[in-house]
Amino acid sequence: MACCPSKQRGRVAYEDDDEFVLKDACGVIGVVSANLLNEEVPSLLGLGMVALQHRGQESAGMVTTDGKTMTPHKGMGLVSTIFSEAEVKRLSGVAGIGHTRYSTSGVSEMLNCQPFIVDSVHGRIALAHNGELVNARKLRQYVMSRGVGLTSQSDSELILQLLTIKPPEEVGENPDWPARIRHFMAQSHTSYSLVIMVGADVYAVRDPFGNRPLCLGQLPPAGDDDSASPGGWVVASESCAFLSMTASYLREVLPGEIVCLRRSGITTEGMVDRPLAADSDDRRANPAFCIFEYVYFSRADTVHEGQQVYSVRFRCGRRLAIEAPVKADIVSTVPESATPAAMGFADQLGLNYVEVLTKNRYVGRTFILPSMRLRRTGVAKKFGLLEENFRGKRVVLVDDSIVRGTTIGNIVRLLKSKGAKEVHVRVASPPLKYPCFMGINIPTHDELIANSKDAVQLAAQLGADSLVYLSIDGLKTTVQSGIRSPASVGHCMACLTGDYPVAPDF
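Residues numbered from 1 in each chain as written. Predicted model: local features only at pLDDT ≥ 70, side-chain atom pairs only at ≥ 80, totals over all residues. Heavy atoms only, no water.

(A) Quick look at the nonpolar core. Core analysis: the largest hydrophobic core is formed by 45 residues, its most contacted members being Phe292, Phe345, Leu432 and Leu475. Of all elements in the fold, only strand S14 (289–290), helix H8 (292–297), helix H9 (309–323), helix H10 (339–349), strand S21 (394–399), helix H14 (472–481) and helix H15 (494–497) reach the threshold of two or more residues within this core. By residue number, the principal contributor to this core is H9, which donates five residues. Of all hydrophobic cores here, the second largest spans 28 residues; its members include Leu160, Met185, Tyr192 and Tyr203. (Core = buried A, V, L, I, M, F, W, Y, C linked by side-chain atoms within 4.5 Å. Buried < 20%, exposed > 50% of the residue type's maximum accessible area, 1.4 Å probe, protein only. Helix = DSSP H or I, 4+ residues; strand = E, 2+ residues; numbered from the N terminus.)

(B) Geometry of the pattern of salt bridges. On inspection of all chains with the given rule, the structure shows 19 salt bridges. Linking Arg284 and Asp273 is a salt bridge whose minimum nitrogen-to-oxygen distance equals 3.9 Å. Within this pair, whereas Arg284 is found in the loop between strand S13 (265–271) and S14, its partner Asp273 is found in the loop between S13 and S14, the two being separated by eleven residues in sequence. Assessed through its relative accessible area of 41%, Arg284 is described here as partly exposed. By relative accessible area, Asp273 is classed as exposed at 51%. The partner of Arg318 in a salt bridge is Asp347, and the shortest N-O contact between them spans 3.0 Å. Here Asp347 lies in helix H10 and Arg318 lies in helix H9, a separation of 29 residues in the sequence. Classification of Arg318 by relative accessible area gives partly exposed; the value is 32%. Note on Asp347: relative accessible area 42%, which makes it partly exposed. When salt bridges that share partners are traced, they join Arg55, Arg212, Glu238 and Glu293 into one network. (Salt bridge = Lys/Arg side-chain N within 4 Å of Asp/Glu carboxyl O.)

(C) Region of interest: unusual backbone geometry. With an omega of 0°, the peptide bond between Gln114 and Pro115 qualifies as cis. Inspection of the secondary structure assignment puts Pro115 in the loop between strand S4 (95–101) and strand S5 (116–120). Positive phi is not limited to glycine here, since Thr246 has a value of about 60°. Secondary-structure assignment places Thr246 in the loop between helix H7 (240–244) and strand S11 (248–252). Phi at Glu305 is positive, roughly 55°, even though this residue is not glycine. Here Glu305 is to be found in the loop between strand S15 (303–304) and strand S16 (307–308).

(D) Main features of the sheet that holds S5. Read from one edge of the open sheet, six strands run S5-S6-S7-S8-S12-S13, paired in antiparallel fashion. Each of the sheet's edge strands pairs with one partner strand only, and the pair in question is S5 and S13. On average, each strand axis in the sheet is tilted by 20° relative to the strand beside it, whichever way the strands run. Pairing analysis gives six bridges linking strand S7 (residues 192–198) to strand S8 (residues 201–206), with the strands arranged antiparallel. Its bridge partner lying in S8, Leu194 is registered against Val205. (Pairing = 2+ DSSP bridges. Axes fitted to C-alpha atoms, helices over the stretch in contact; angles between N-to-C directions.)

(E) Structural view of the pairing of S8. Counted residue by residue, S8 has five buried out of six residues, so it is predominantly covered. Counting the residues in the hairpin turn of S7 and S8 gives two residues, including Gly199, whose phi is positive at 60°. As defined by bridge partners, S8 adjoins strand S12 (residues 257–262) across four bridges and the pair is classed as antiparallel. Its bridge partner being in S12, Tyr203 is matched across the sheet by Cys260.

(F) Molecular detail of the environment of Thr339. When you line up the elements, Thr339 lands in helix H10. The spacing of Thr339 and Glu355 is 16 residues in sequence and 9.4 Å in space, taken between C-alpha atoms. At a separation of 3.1 Å, a polar atom in the side chain of Thr339 contacts the main-chain carbonyl oxygen of Glu336. (Polar contact = N/O pair within 3.5 Å; in protein donor to acceptor, adjacent residues only side chain to side chain.)

(G) Representation of the side chain of Ser298. With respect to the element layout, Ser298 can be found in the loop between H8 and S15. A relative accessible area of 2% places Ser298 in the buried class. Engagement of the side chain of Ser298 in a polar contact is seen with the side chain of Glu293, the distance being 2.6 Å. Excluding residues within four positions of it along the chain, Ser298 makes contact with His54, Arg55, Glu238, Glu293, His304, Val309 and Arg313. (Contact = heavy atoms within 4.5 Å.)

Given below as structure tokens:
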């Protein structure tokens, strides 16, 4: 593991002047038809992209192909506003890839929208990327030293340009795409999950550490005969996308695996090993799947490592109640990702789970409160209060994580001002102390509240009667207890411990 440098890339994203919102880089998806109607491919992509909208809301795009010509469409905003019925019809084809984006490298503008397409001597290549290359600076210098210009700040365009370079192991004039992908993967071990479209084939690629999620699915037969051959194949960042596409979950793409989705089926085209562990001459480094996919980023109905995210969050709540019990009347949550943990906490202690907040789903991200007085009560723009549920009661408020503490502090003060007798904060993850360099926009060391205040000091600042985090061992044990083969997995907890699977080189 590598130690923590200072964060230099990406933008810190706030919904207003005081509030930081954790964001994952994006979601990726791909569809290959076996016997579907051509107009079904963009419709299925769109359905899957809506299901992945929580992974990126700044921009979205898709590229489809009829096997010869690629047709792109992308724009700023939500999937539902970018893709009209006319655009979906125009995008008909036999295969396609899609993307929903938050920016972690590169600013939020049309130039950085994905998927990217480049022209090569072997035809067009399209790519969508979830993650952030830890050695992007070195790779960018290498590409530009070959006389290749880059039109954006995105790592994804950089990957595409690297794939156009013929690797030493490629023989003959025809491109060996698996060899080119392996060559890229050998140069950058993390962080990426990719969908790459060449001709009518889609390659699904996961970095050797398995840092970002990626999974495979199968579309049902085109007709009513369930025994007929599959209608096609899908790949997505999360399995939650498959339900809306009527696809069935097959499995995860393994760390370091290159999978090809063709009209004839799915095949593994190669594997790339992780580098040797820093403390060993013969043992490979452990996988490093981002543990915050369980804590916050993934949708609750998604399956990672053979277990549903909801179940993991529920178990984290139970473990938190064991580590930090408290005398209280009710348990509640900051909606919505912390809700399963709050229910687990209540279940463990035999308390009632009761909602004290209702979420306003229609507040735009650009709504800026103009004064400090309004910002201090800015939580009111997002939540309504269910005062009758908590007045005169001792409340345990469970949150999934605390970054700067602004939102949870506003909620605690609001609950107390409206009659809560006590408010005890319980956090279903350990303190965030280090920035992320692998696709999550966790800010700098100084901006993370856990680096300046311990739990007792933070409780006093928030106005809470107590505050306790889930321990690092508690989170790790809880997550791994539900995995079928714990010995074969590993998780990146760099934002909690400062131990990075690969040293960033920016």
